[in-house]
Amino acid sequence: MKLIHLSDLHIGKKVNGFSMIEDQKFILIKILGIIEEVKPDGVIIAGDIYDKGIPPAEAVTLFDDFLYKLSEKELKVFIISGNHDSAERLSFGSRIMSGNNIFISPVFKGKIAPVTCSDDYGDINFYLLPFIKPIDVRRRFGEMGLDSSLSYSDAVRIAVDKMEVDPAQRNVIVTHQFVIGAEKSDSEEPCSVGGTDEVSADVFDIFDYTALGHIHGPQSIGKDTIRYCGTPLKYSFSEEHHQKSVTVVELKEKGNITVETIDLCPKREMRTIEGKFEDVYSMNLYTEDYVQVNLTDDEPTPNALRKLRGVYPNIMILKNGGRSHNFILTAVEEEKLVQDSPLEIVEKFLRDDEKVILTDEKMKYLKEIISEIWGAKYETD
Ligand SMILES: [Mn+2]
């Protein structure tokens, strides 16, 4: 049985204020192309389908379309909810969809029954474990007398124990947790202080393949068969050197399993450009990539963002002014700045950068000056 393992689509996500929907649409089409070629028997999506519990309409439309195209193929789809999803909303209609070979984890209620499929080598059980917290396990297994000291590791261990997995068969778990040893990036939900949300990899020892979601860089933990496939797109500059991919898993007879990857090429890359303003500006390499520009001049360059946008229309972050000024502005913040009135801008600057709150008297004085410069339009806030 051949499987394609995906996770962390985060459909509807904004990165530094930029909507990723066009990039997501593009990459999902690429993924459908890979599926067309590989002809898997199943597609796994290991959580964080959406970026928000209540995703924007365009995100739902895009995912609905993707799911429909998957359903037209001869394959099964296994989906779980991640920490970014609402388990209830994601599983809407799931009992109906299971009739069309689309299996979505219901809200965690305790014992998980597998979805069993078969191939020439026998049965394969798919356990769909949605993202869970210790509190979910304590609530569902009240009779065990678990208290607030229950760790993530033990919570997931209990959830797995209750599955009563038959080790003689082939078993796949789809899960969305942070496994100890995984290398993080900046676009995951901030992890708990001191790593309390970490789960020990040995919890998954009983499974032939552990299809993980949650961590955004593709990586295996300890062995090939405990694996994060990673996001299909880069969602932060900390990921600029990642090679995003889909994971292809082939299970033959028990114990015979191969794991490979197929690289994904995005519509727009995400990368950092560093140098003096004149050099960066005159490179004249027009690109629609998402860039962060670090200007290393000693002094900030006036209107740098506006000028650079001619060359890098999708500039996301500008670090302007080298060591002496740590002036960081995202493009969206600048746009907001243009819309703000001068009074709001001065007030914000004094409050955030200088830690000064204006007295009524000073505010009045400031308004007078602003109105003198720009006219009566900005007299009131
Ligand atoms: Mn995620």
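On inspection of all chains with the given rule, the structure shows eight aromatic pairs. A centroid spacing of 5.2 Å and a plane angle of 15° characterise the contact between Phe-277 and Tyr-281, whose relative ring orientation is stacked. On the criterion of helical spacing, the pair formed by Phe-277 and Tyr-281 is a turn pair, its members being four residues apart in helix α7 (residues 277–282).

This part is about the coordination of the manganese ion. Only Asp-8 (OD), His-10 (NE2), Asp-48 (OD) and His-216 (NE2) from the protein coordinate the manganese ion, and they sit 2.0 to 2.5 Å from it. Donor residues for the manganese ion, ordered by position in the chain, follow D-x1-H-x37-D-x167-H. Residue Asp-8 is found in the loop between β1 (2–6) and β2 (14–15), and its partner Asp-48 is found in the loop between β4 (42–46) and α2 (57–71); the two are separated by 40 residues along the sequence. Each member of the pair Asp-8 and Asp-48 is classed as buried.

A few words on the sheet that holds strand β15 (residues 245–251). Ordered by their spatial adjacency, six strands build an open sheet running β6-β5-β4-β1-β15-β16, and the pairing between neighbours is mixed. Across the chains shown, the open sheet's two edge strands, defined by having one partner strand only, are β6 (102–104) and β16 (257–263). Here the average twist between neighbouring strands, direction ignored, is 20°. By the bridge criterion, four bridges tie β1 to β4 in an arrangement that is parallel.

Turning next to the environment of Asp-289. Topologically, Asp-289 is positioned in the loop between α7 and β18 (290–295). Judged by relative accessible area, which is 15%, Asp-289 ranks as buried. Sequence separation of Asp-289 and Ile-315 is 26 residues, and the distance between their C-alpha atoms is 7.9 Å. Discounting residues that sit within four places of it in the chain, Asp-289 has contacts with Arg-268, Glu-269, Arg-271 and Asn-314.

Domain annotation of the chain identifies domain 1 (2–263) and domain 2 (270–378). With 12 residues of domain 1 at the contact, the number on the domain 2 side is 12 residues. Here domain 1 and domain 2 share an interface that buries about 1000 Å² over both sides, 70% of which is from carbon and sulfur atoms. Where domain 1 touches domain 2, the interface holds zero salt bridges. Inspection of the region where domain 1 meets domain 2 yields two residue pairs in polar contact (both at pLDDT 80 or more).

Time to look at the nonpolar core. In this structure, Phe-63 and Ile-79 are the most contacted members of the largest nonpolar core, which totals 41 residues. Mapped onto this core, the elements with two or more residues apiece are β1, α1 (21–38), β4, α2, β5 (76–80), β6, β15 and β19 (315–320). Ranked by residue count, the leading element in this core is α1, at eight residues. When residues of this core are assigned to domains, at least three fall in each of domain 1 (2–263) and domain 2 (270–378). For Phe-63, the residues in contact, after removing those within four places along its chain, are Leu-9, Ile-11, Ile-45, Ile-49, Tyr-50 and Ile-79. One finds Ile-132, Ala-159, Val-179 and Tyr-228 within the second-largest nonpolar core, a separate group that totals 30 residues.

Before going further, it helps to examine the sheet that holds strand β14 (residues 223–228). Read across the open sheet, the six strands follow the order β7-β8-β9-β12-β14-β13; overall the sheet is mixed. Every other strand in the sheet has two partners, leaving β7 (115–119) and β13 (219–221) as the edge strands with one partner each. Here the average twist between neighbouring strands, direction ignored, is 30°. Here five bridges tie β7 to strand β8 (residues 122–128), and the two strands are oriented antiparallel to one another. The partner of Val-115 across the bridge, within β8, is Phe-126.

This part is about a positive patch on the surface. Together, Arg-95, Lys-109, Arg-139 and Arg-140 make up a region of like positive charge exposed at the surface. Counting through the fold element by element, Arg-139 comes out in helix α5 (residues 134–140).

Thresholds, definitions, all that
Residues numbered from 1 in each chain as written. Predicted model: local features only at pLDDT ≥ 70, side-chain atom pairs only at ≥ 80, totals over all residues. Heavy atoms only, no water. Phe/Tyr/Trp six-rings, centres within 6.5 Å; stacked < 30°, edge-to-face > 60°. Helix = DSSP H or I, 4+ residues; strand = E, 2+ residues; numbered from the N terminus. Donors = N, O, S within 2.8 Å, 3.2 Å for Na, K, Ca; no water. Buried < 20%, exposed > 50% of the residue type's maximum accessible area, 1.4 Å probe, protein only. Pairing = 2+ DSSP bridges. Axes fitted to C-alpha atoms, helices over the stretch in contact; angles between N-to-C directions. Contact = heavy atoms within 4.5 Å. Domains from an automatic or database assignment. Buried area = accessible area lost by both parts, 1.4 Å probe. Salt bridge = Lys/Arg side-chain N within 4 Å of Asp/Glu carboxyl O. Polar contact = N/O pair within 3.5 Å; in protein donor to acceptor, adjacent residues only side chain to side chain. Core = buried A, V, L, I, M, F, W, Y, C linked by side-chain atoms within 4.5 Å. Patch = residues over 30% accessible without salt bridge, like charges linked within 9 Å, V, L, I, M, F, W, Y side chains within 5 Å. Areas by Shrake-Rupley, 256 points an atom, 1.4 Å probe, with all protein chains shown as cover. Lys, Arg positive; Asp, Glu negative; His and termini not counted. Charge placed at Lys NZ, Arg CZ, Asp CG, Glu CD.

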